[in-house]
Amino acid sequence: MDSHPTAPPPRRPRVAVVFGGRSEEHAISCATAASVLRAIDRERYDVIPVGITREGYWVQVADDPQALEIRDGRLPEVPDTGTTVVVPLGAHDRTLTVSRPGEVPTALGEVDVVFPLLHGPFGEDGTIQGLLELADIRYVGCGVLASAAMMDKHVMKVLFADAGLPIGPYAVITDKQWRRDPAAALDAAASLRFPVFVKPARAGSSVGISKVDSPEGLRAAVEEARRHDPKVVVEAGIVGREVECGVLEGRGTRTPRVSEIGEISVGGDHEFYDFEAKYLDEQSLRLTIPAELPAQVREQIQGLAVRAFEAAGCEGLARVDCFYTEGGEVILNEVNTMPGFTPYSMYPQVWGASGVSYPELVDELLQLALERPLGLR
């Protein structure tokens, strides 16, 4: 008889899928989580769904993707389940615990990697990344600096201009400038070529964006953007095609790889790619993948995507959005560090057209995160 004890089988990596959050993109985050929860290979990973309510409470939620989907125009949200999930802040303890009123806290188990599916402020902007860095927990996607810089459209443009990347004309209206001298702020914005797009500086999913055709409409548009963020960016309208490229780091080498190019066009009553066109009015939206572009332009866009990814210090993944003008210019619009991630979103679609299926993409991102070193990189 063999007297040596049998070694226990290796434990599957445990993934905490974190979603919801305090931003106005809460519902989109929930819908993204529904897709990822369906796609994760349960034979390879143990999964812990963790929701963040609109008030910022971390709660344990059911592993039920259907409850998190957008259905018949109904936007999902994280329910307050009466539980509290606690993230450890020590460097050697990665065990999540959950507490319920009047009960002894229980362990959810040690977490190997977090998949943060948060969009917008208080999640995509470096905040949750900082929390996880403090706890020495690996996570999918960009680090603190890249997440914060790419969330702020003003800082993003400053960084890209310094790197010599092509960006469009813009103006910034800070909260102090608006309170001190709104007329001067409006004059600066009115010096741009119309139409202009007035945007909250740190929001996504086209929340709070207005297209303005003349100076007379600027004040109302700025006030609308300020409902979402006290800092506002005004961008000169660029006549051109909206094209997007996915960037994904390679395993081992971490060399950025690029996808096929996708093109967005909207119809119906939408003047631009707004929130409703993205998520609630599928009939008005058209994604063309691969975009019909000359080979040289395709390579130019892909090359610009890699340069932007590296200039920002991105990790894991990003979606790089550009304009291709009638004059043949390629102008960088923005970089999304946690792009829309349902199977019907542009980022998974361009990778699908590049030979990487949605489940494979989810697995690749988890494996990238698991092999990434902790601490300063």
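The shown structure was predicted, so the numbers you read here are calculated from the model rather than taken from an experiment.

**Q** Lay out the overall build of the protein with the relevant residues and their values.
**A** When helices and strands are counted, the protein shows eleven helices and 17 strands. Here the protein has a C-alpha radius of gyration of 22 Å; the compact-globule value for 377 residues is 21 Å, and the two agree. On the principal axes, the C-alpha backbone points of the protein span a range of 85 × 50 × 45 Å. Taking all 377 residues of the protein together, the buried fraction comes to 52%. At a minimum sequence separation of 6, the contacts of the protein that also span at least 24 residues come to 66%.

**Q** Residue-level account of helix α1 (residues 26-39), with values.
**A** Here α1 contains 14 residues, and its C-alpha end-to-end distance of 20 Å stays within 8% of the 20 Å for a straight helix at 1.5 Å per residue. With 13 of its 14 residues buried, α1 lies for the most part within the structure.

**Q** Would you mind going over the pattern of salt bridges in detail, with residue names and values included?
**A** For the structure on display, the rule yields 25 salt bridges. Close ionic contact of Lys157 with Glu235 constitutes a salt bridge, the shortest N to O distance being 3.0 Å. Taken together, the residues span a long stretch of sequence, with Lys157 in helix α4 (residues 153-162) and Glu235 in strand β12 (residues 232-236) at a distance of 78 residues. Each member of the pair, Lys157 as well as Glu235, is classed as buried. A salt bridge links Glu364 to Arg257; its shortest N-O distance comes to 2.6 Å.

Thresholds, definitions, all that
Residues numbered from 1 in each chain as written. Predicted model: local features only at pLDDT ≥ 70, side-chain atom pairs only at ≥ 80, totals over all residues. Heavy atoms only, no water. Helix = DSSP H or I, 4+ residues; strand = E, 2+ residues; numbered from the N terminus. Rg over C-alpha atoms; globule rule 2.2 N^0.38 Å. Buried < 20%, exposed > 50% of the residue type's maximum accessible area, 1.4 Å probe, protein only. Contact = heavy atoms within 4.5 Å. Expected span 1.5 Å × (residues − 1). Salt bridge = Lys/Arg side-chain N within 4 Å of Asp/Glu carboxyl O.

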